[in-house]
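Read off the chains here:
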Amino acid sequence: NAGVTQTPKFQVLKTGQSMTLQCAQDMNHEYMSWYRQDPGMGLRLIHYSVGAGITDQGEVPNGYNVSRSTTEDFPLRLLSAAPSQTSVYFCASSTRTSRQTQYFGPGTRLLVL
Amino acid sequence: AQSVTQPDIHITVSEGASLELRCNYSYGATPYLFWYVQSPGQGLQLLLKYFSGDTLVQGIKGFEAEFKRSQSSFNLRKPSVHWSDAAEYFCAVGLSNFGNEKLTFGTGTRLTIIP
């Protein structure tokens, strides 16, 4: 198993550009989540999904869209990038079974100029 | 809403010395608690977790943590640190419904090891 994979590893955008951060997992996990990590602020939940076709907002959802058309994929879309979205983005997944833990991808580092 | 506090932003210890990283949580019900470690430029790796039962939990790499409900704490300990332990450590709390789809993280503690 590859686990949780994220692409790209690094991206530079200009203000106002759009892009999609890709996340995929091959563990048949029902739950998937997106976090952003900023210095001194830990990780904050952006959006999460408890299964295909079901998504919900986390702590900092503004400026981001998600969809979950398949169990494997959970892309994060920035429709109009802003410098405040410069961050490191982590995708995570876990099973629906109680008391399971989240597995994290390697992260995508995004710089918005 | 749940919250997690890691009061120490940065800790420096000598190689071979003991380590304790503090974590306090705020949550109305029984929490699910986690410690993750992040090496520079890497993702997060789970060190250990607490769901219920024995309040002293053992993890990977020689780490352990103790859940103290009366103090709302889940401190991470290691009796003797190695240079490879230098990293950032995050405490997290999950909702007790399933505990795994929404995690709230602390702000992290950066650990430096000196020879």
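Refer to the structure above for everything that follows.
Rules of the game
- Residues numbered from 1 in each chain as written.
- Chains lettered and ligands numbered in written order.
- Predicted model: local features only at pLDDT ≥ 70, side-chain atom pairs only at ≥ 80, totals over all residues.
- Heavy atoms only, no water.
- Helix = DSSP H or I, 4+ residues; strand = E, 2+ residues; numbered from the N terminus.
- Polar contact = N/O pair within 3.5 Å; in protein donor to acceptor, adjacent residues only side chain to side chain.
- Contact = heavy atoms within 4.5 Å.
- Pairing = 2+ DSSP bridges.
- Axes fitted to C-alpha atoms, helices over the stretch in contact; angles between N-to-C directions.
- Core = buried A, V, L, I, M, F, W, Y, C linked by side-chain atoms within 4.5 Å.
- Buried < 20%, exposed > 50% of the residue type's maximum accessible area, 1.4 Å probe, protein only.
- Salt bridge = Lys/Arg side-chain N within 4 Å of Asp/Glu carboxyl O.
- Nonpolar A, V, L, I, M, F, W, Y, C, P; charged D, E, K, R; others polar.

1. Description of the side chain of Arg36 of chain A
Residue and element names in this part refer to chain A. Tracing the chain through its elements places Arg36 in strand β4 (residues 31–38). A polar contact of 2.9 Å, which involves the side chain of Arg36, links it to the side chain of Tyr64. Arg36 has contacts with Gly42, Leu43, Arg44, Ile46, Val60, Tyr64, Ser84, Gln85, Thr86, Ser87, Val88 and Tyr89, leaving out every residue within four places of it along the chain.

2. Here we look at the sheet that holds strand β3 (residues 19–25) of chain A
All names here are of chain A. Sheet architecture is open: 4 strands sit in the order β1-β3-β8-β7, paired in antiparallel fashion. Two strands close off the open sheet at either side, each with one partner strand: β1 (4–7) and β7 (64–66). Sheet twist, expressed as the average angle between the axes of neighbouring strands with direction ignored, equals 20°. Bridge analysis of β7 against strand β8 (residues 76–78) gives 3 bridges, and the strand direction is antiparallel. Opposite Asn65, over in β8, you have Arg77 as the bridge partner.

3. Examining the nonpolar core
Residues and elements named next belong to chain B. Counting 26 residues, the largest nonpolar core has Leu19, Trp35, Leu47, Leu48, Phe74, Leu76 and Tyr89 as its most contacted members. Those elements that provide at least two residues to this core are β2 (10–14), β3 (19–21), β5 (32–38), β6 (44–50), β8 (64–68), β9 (73–78), β10 (87–94) and β12 (109–114). Per element, the largest residue contribution to this core is 4 residues, and it comes from β10. When near neighbours in sequence (up to four residues on either side) are disregarded, Phe74 contacts Cys23, Leu33, Phe34, Trp35, Leu48, Tyr50, Val57, Ala65, Glu66 and Phe67.

4. A word on the interface of chain B and chain A
The partner chain A presents 24 residues to the 21 residues of chain B that form the contact. There are 0 salt bridges connecting chain B and chain A. Taken together, the connections running from chain B to chain A amount to 3 residue pairs in polar contact (both at pLDDT 80 or more). Within the residue set of the side of chain B that touches chain A, elements represented by two or more residues are β5, β6 and β11 (103–105) of chain B. If you tally residues by element for the side of chain B that touches chain A, the top one is β5 of chain B, at 4 residues. When the residues that make up the side of chain B that touches chain A are grouped by side-chain class, the tally is 10 nonpolar, 8 polar and 3 charged.

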